[in-house]
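Residues per chain are reported as follows:
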Amino acid sequence: MEKIIDEKQQGNTLVMEPKTGNGKKLMIESYGCQMNFSDSEIVASILAKEGFDTTQSLEEADLVLINTCSIRDKAEQTVRKRLEKYNAVKKINPGMKVGVLGCMAERLKAQFLEEEKIVDLVVGPDAYKDLPNLINEVEEGRNAVNVILSKDETYGDISPVRLQSNGVSAFVSITRGCDNMCTFCVVPFTRGRERSRDPQSIMEEVNELAQKGFKEITLLGQNVDSYLWYGGGLKKDFKNASEMQKATATNFAALLRMVAEAHPKMRVRFSTSNPQDMTLDVIEAMAKYPNICKYIHLPVQSGSDRILKAMNRLHTREEYFELIDNIRKLMPDCAISQDMITGFPTETEEDHQDTLSLMEYVKYDFGFMFAYSERPGTMAARKLEDDVPEEVKKRRLTEIVNLQQQHSHFRTRQFVGKTVEVLIEKESKKSDAHWSGRTTQNTVAVFPKEQYKIGDFVNVKINDCTSATLIGEAVGYSENN
Ligand code: SAM
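Residues numbered from 1 in each chain as written. Predicted model: local features only at pLDDT ≥ 70, side-chain atom pairs only at ≥ 80, totals over all residues. Heavy atoms only, no water.

Turning our attention to the sheet that holds strand S15 (residues 295-297). Remark on secondary structure: sheet strands pair via backbone hydrogen bonds, oriented parallel or antiparallel. Taken in spatial order, the 3 strands of this open sheet run S15-S16-S17, and their pairing is parallel. Lying at the two open borders of the sheet, with one neighbouring strand each, are S15 and strand S17 (366-371). Averaged over neighbouring strand pairs, the angle between their axes works out to 10 degrees when direction is ignored. Where S15 meets strand S16 (residues 335-342), 3 bridges bridge the pair, whose relative direction is parallel. Paired with Tyr-295 across the strands is Ala-335, a residue of S16. Packing against the sheet, helix H14 (residues 390-413) makes contact with S16 and S17, and its axis sits at approximately 175 degrees to S17. (Pairing = 2+ DSSP bridges. Helix = DSSP H or I, 4+ residues; strand = E, 2+ residues; numbered from the N terminus. Axes fitted to C-alpha atoms, helices over the stretch in contact; angles between N-to-C directions. Contact = heavy atoms within 4.5 Å.)

Here it is in structure tokens:
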């Protein structure tokens, strides 16, 4: 799922502006990918209609919801620890109800509700509209569960409340579920089959964000390039669509153009791209519109053809290089990032060397790297032995992380001496005298605040860098203001 897991964001409690509701307080905590954070905004919106106000304080919450991630075992363990904490608080405040949302719901519902009895409510990613009914059930003293995965739920009709928003950047969900069936991945099981959201409702949400003064949106999905609207329904059923539906269908490149044209001053990002689905027309649209950010998150997972095949990634190393070459040809300044897994079953030193050499070829700007974690129910768990020893996985992980750091530094150094446009998002974590924002390439830049403010597009002259951050000084507003 995801763009990526921002480890610093994990477990953030999301709050919205207080309103006068039914006096009930909701605490919602999110783990995992950006899609989960975006889903929590949908949940908060559904429950705001029921009169719930959000709180950051566990002690004052009437309802605690934890939006969970199953992608790796560690993510599940983190959630478990939080559930233990909630249950300790429940002893002091027995009226407090606890619910599990998201990816762990389906797999662990029976365990949580019946065996361990640590939650009152379990709700899967496609059942959030049922939350008001389920909460009623719980209030009447019954456990409540709905983990049904849907063919067409996209929450297109829900206008998400923006939780803990900086008022500058927002996520807009465009697809749900995933059909890729990568053999290591639980997402198709936890979030269901892939379906796309009606472009009209996407445009309405984007227009509303623009009206509210947002300056950057990220179109979100497990595999955004696979976006396809033909009147509703699953992507896999497109082959049975009518001729008319096929002729009038909207693909991702068309959607991207629509959004970019409607708001030429708004930055447009998207995540995640699966290499097998990223077509030339998407790259062409990116190259054509200056407001589409020059950054592609393009997970590859491994540099070895043999491992790519075993992972059911439907492209080869060579095809990936072709894609990279096309991106560089049309957008020489485009940043590219990766997700990588070390120690997938049967991975040899030679396969690992292939990963390192692929990284040398691309020299990614950023990377998100993980040791393989076997997930119950996946094809890899069923068919392949998790045979790479933990210390080997870790050692290979360290090697790719170190190489990535060199490449990131190589990339940030290219900006030193240049002037780049930065959208100011927040105060720098390290200094309250500096702003922090991002370039079109998604690289973080920090610079002295002067008269500028959050939401301004500023030209920043870069004087120095670390491997992750550009350091500079503002030289004026950019034309985009
Ligand atoms: N949808 C994206 C794609 O197809 O590339 C990314 C999905 S996933 C939520 C984010 C990243 O988690 C993946 O790209 C992969 O690197 C990592 N990941 C997924 N399953 C994993 C597993 N079983 N063990 C370790 N890492 C995993």
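We are not done yet, so read on.
Our focus in this paragraph is the packing of aromatic side chains. How two aromatic rings sit relative to each other is given by the distance of their centres and the angle of their planes. Going through the model one piece at a time under the given rule, you end up with 7 aromatic pairs. Considering the side-chain rings of Phe-344 and Tyr-372, the 5.3 Å spacing of their centres and the 70 degrees angle between planes classify their relative orientation as edge-to-face. Of this pair, Phe-344 sits in the loop between S16 and helix H12 (349-362) while Tyr-372 sits in the loop between S17 and helix H13 (379-383), placing them 28 residues apart in sequence. Of the residues examined, Phe-344 reaches a relative accessible area of 0% and is grouped as buried. Overall, the relative accessible area of 3% leaves Tyr-372 in the buried class. Here Arg-72 stacks its cationic end above the ring of Phe-370, 3.6 Å away from the centre of that ring. We note Lys-449 situated over the ring of Trp-435; from NZ or CZ to the ring centre the distance is 4.6 Å. (Phe/Tyr/Trp six-rings, centres within 6.5 Å; stacked < 30°, edge-to-face > 60°. Buried < 20%, exposed > 50% of the residue type's maximum accessible area, 1.4 Å probe, protein only. Lys NZ or Arg CZ within 6 Å of the ring centre and 35° of its normal.)

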